[in-house]
Amino acid sequence: MKTSIKAALLLSLSLLALPGQAERIKDLASIAGVRNNQLLGYGLVVGLDGSGDQTTQTPFTVQSVISMLQQLGVNLPQGGSQLQLKNVAAVMVTASLPPFAQPGQTLDITVSSMGNAKSLRGGTLLMTPLKGADGQVYGMAQGNVLVGGVGVQAGGGAGGGGSSLTVNHLSVGKISGGATVERAVATNLGEGNMIKLELNNADFATASRVVEAINDKYGAGIAYALDSRVIRVQAPSGSDQRVSFIGTLQDMNVNPAEQPAKVIMNARTGSVVMNRAVTLDTCAISHGNLSVSVNADTQVSQPNPLSGGRTVVTQNPQVGIKADGGKVMMVKGGASLAEVVKALNAIGATPQDLLSILQAMKAAGSLRAELEII
């Protein structure tokens, strides 16, 4: 298994060494002003099978239910705040409003429990207004919550033992088309007859190549770069002609500049990703496995009951350290990515070991790449 994992890692990283190919401007840049807008709402999910919030610990759920009932003309007697509800859960509803969305269109929404509900499975979201950052309501959400998981809990009887089994996450669900757009967001697509292209990754060389490609196709002076990210392009004034022009513009192919050498490491999962520009200076790598085991030896001294003594429990920790013989690997200066991965695999480095090795090489000045830990 360990060998196959390393082989897969070497193969996937070697694929990155292929020469760069032309990419569409659509994949390299976005149009300024054409963006998604985040929506947020607070609501209630009802109809749960006893898996809702424990209202004694989530008073806001009871307050929300009382407020909703009052709006529907139901007045609760004094002491209504002591309601014990099991089939209701307070949730936060999130959605993304795409550009140019018009009233009447539907959106997919995500429903997330904000209390201590065990599951939202089988619940129904009541009508929830969705607001934008400006406090205005842009959508209304309602529908049956779909939870992609299941939870099973055995009883505390003779065979159950109180065991439980949970598959996937039960406190978050989705509703496809669960929200209706109520208000459109005004989008200023360009200023006059100008639009702006914003590169996803700021790069002077890529910006220059995009400008050159556009001017070669439409004529000199049509496009010019403001900086390493923003490119201004002259577009037709008419809306129909402008849409056609932007569609053709986004389908143009450009060879982006090679990205700087970079190594991305995920300290939590041990994932290491390097692009093809990563090289090494001459260095020696030493790798050895160190195992530390801690065992607690519990001893119980039981005195004579007639003496009136107390039972004493003592812990005697035992620490063992085992160091295996390591290897020393010499790496030539200017080594390519394939040689780097091959050298690290040759000394038996696991993904977690690579984190420490690459950090040490960067500190020693041998790693010719930017090191980013996420």
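Treat the numbers as computed from the prediction; the structure is a model and nothing was measured.

Conventions adopted
Residues numbered from 1 in each chain as written. Predicted model: local features only at pLDDT ≥ 70, side-chain atom pairs only at ≥ 80, totals over all residues. Heavy atoms only, no water. Pairing = 2+ DSSP bridges. Helix = DSSP H or I, 4+ residues; strand = E, 2+ residues; numbered from the N terminus. Axes fitted to C-alpha atoms, helices over the stretch in contact; angles between N-to-C directions. Contact = heavy atoms within 4.5 Å. Expected span 1.5 Å × (residues − 1). Buried < 20%, exposed > 50% of the residue type's maximum accessible area, 1.4 Å probe, protein only. Salt bridge = Lys/Arg side-chain N within 4 Å of Asp/Glu carboxyl O. Patch = residues over 30% accessible without salt bridge, like charges linked within 9 Å, V, L, I, M, F, W, Y side chains within 5 Å. Areas by Shrake-Rupley, 256 points an atom, 1.4 Å probe, with all protein chains shown as cover. Phe/Tyr/Trp six-rings, centres within 6.5 Å; stacked < 30°, edge-to-face > 60°. Lys NZ or Arg CZ within 6 Å of the ring centre and 35° of its normal. Parallel < 35°, antiparallel > 145°, perpendicular 65-115°, else oblique. Left-handed = near helix turned anticlockwise from the far one by under 90°. Nonpolar A, V, L, I, M, F, W, Y, C, P; charged D, E, K, R; others polar. Polar contact = N/O pair within 3.5 Å; in protein donor to acceptor, adjacent residues only side chain to side chain.

### Some details on the sheet that holds strand β2 (residues 29–31)
Through backbone hydrogen bonds, the strands of a sheet pair up, either in parallel or in antiparallel fashion.
Consideration 1: One open sheet holds the 4 strands; their spatial order is β2-β11-β13-β12, and the pairing between them is antiparallel. This sheet does not close on itself; its edge strands, each paired only once, are β2 and β12 (223–225). Geometrically, the sheet is characterised by an average inter-axis angle of 25° between neighbouring strands, direction not taken into account.
Consideration 2: Relative to strand β11 (residues 194–199), β2 runs antiparallel, the two sharing 3 bridges. In the strand pairing of β11, Ala 29 is matched with Leu 199.
Consideration 3: Packed onto the sheet, helix α5 (residues 239–250) meets β2, β11 and β13 (230–234) and runs at close to 25° relative to β11.

### A word on helix α3 (residues 59–71)
Consideration 1: The terminal C-alpha atoms of α3, which comprises 13 residues, lie 19 Å apart, in line with the 18 Å expected from a rise of 1.5 Å per residue.
Consideration 2: Of all the positions in α3, only Thr 61, Val 62, Ser 64, Val 65 and Ile 66 are classed as buried.
Consideration 3: Looking at the buried side of α3, the elements it contacts are β3 (37–46) and β4 (89–97).

### Some thoughts on helix α7 (residues 351–363)
Three or four residues apart is the spacing at which side chains of an α-helix point the same way, because the helix has 3.6 residues per turn.
Consideration 1: For α7, which comprises 13 residues, the first-to-last C-alpha distance of 19 Å matches the rise-based estimate of 18 Å (1.5 Å per residue) to within 8%.
Consideration 2: Among the residues of α7, those classed as buried are Leu 354, Leu 355, Ile 357, Leu 358 and Met 361.
Consideration 3: Just downstream of α7, Gly 365 is the residue with a positive phi angle, here 80°.

### A look at the pairing of strand β5 (residues 106–113)
Consideration 1: Here β5 shows a clear split, with Leu 107, Ile 109, Val 111 and Ser 113 buried on one side and none of Thr 106, Asp 108, Thr 110 and Ser 112 buried on the other.
Consideration 2: For β4 and β5, the ladder comprises 5 bridges, and the chain directions are antiparallel. Within β5, the position partnered with Met 92 by the bridge is Ser 112.
Consideration 3: Bridge count for β5 against strand β10 (residues 172–181) is 6 bridges, and the pairing is antiparallel. Among the inter-strand pairings, Thr 106 is bridged to a residue of β10, identified as Thr 180.

### Here's the deal with the sheet that holds strand β15 (residues 262–265)
Consideration 1: Pairing within the open sheet is mixed, and its 3 strands lie in the order β16-β15-β23. The sheet is open, and its two borders are formed by β16 (272–274) and β23 (370–373), each paired with just one other strand. Across the sheet, the axes of successive neighbouring strands diverge by a mean angle of 15°, strand direction being ignored.
Consideration 2: Pairing of β15 with β23 involves 4 bridges; the strand directions are parallel.

### Thoughts on the pattern of salt bridges
Consideration 1: A complete count under the given rule lists 3 salt bridges for this structure.
Consideration 2: A salt bridge links Lys 26 to Asp 251; the shortest N-O distance between them is 3.7 Å. Here Lys 26, found in helix α2 (residues 25–28), pairs with Asp 251, found in the loop between α5 and β14 (253–254); they are 225 residues apart in sequence, far enough to count as distant.
Consideration 3: When its relative accessible area of 38% is taken as the criterion, Lys 26 is described as partly exposed.

### Some details on a nonpolar patch on the surface
Consideration 1: Residues Leu 72, Val 74 and Leu 76 make up a contiguous nonpolar surface patch of about 260 Å² in total accessible area.
Consideration 2: As for its position among the elements, Leu 72 is in the loop between α3 and β4.
Consideration 3: When its relative accessible area of 63% is taken as the criterion, Leu 72 is described as exposed.

### Some words on the packing of aromatic side chains
Consideration 1: Overall, the coordinates contain 1 aromatic pair when judged by the stated rule.
Consideration 2: Taking the ring centre of Tyr 138 as reference, the NZ or CZ of Arg 183 above it sits at 5.6 Å.
Consideration 3: Cation over ring: Lys 217 sits above Tyr 218, and NZ or CZ is 5.7 Å from the ring centre.

### Notes on the packing of helix α4 (residues 204–218) against α5
The geometry of a pair of packed helices is captured by two quantities: the angle between their axes and the separation between those axes.
Consideration 1: Closest axis-to-axis distance for the α4/α5 pair is 11 Å, and the angle between their directions is 125°. As far as their axial angle goes, α5 and α4 are oblique. Pair α4 / α5 crosses with right-handed handedness. Of the residues in α5, those in contact with Ile 214, Lys 217 and Tyr 218 of α4 are Phe 245, Thr 248 and Leu 249.
Consideration 2: Tallied by class, the residues present in the contact of α4 with α5 amount to 4 nonpolar, 1 polar and 1 charged.

### A few points about the environment of Asn 116
Consideration 1: You can see Asn 116 is positioned in the loop between β5 and β6 (124–131).
Consideration 2: Separated by 27 residues in the primary sequence, Asn 116 and Ala 89 have C-alpha atoms spaced 8.1 Å apart.
Consideration 3: Not counting residues up to four positions away in its chain, the partners in contact with Asn 116 are Gly 52, Asp 53, Gln 54, Gln 57 and Thr 58.
Consideration 4: A polar atom in the side chain of Asn 116 sits 2.9 Å from the backbone nitrogen of Gln 54.

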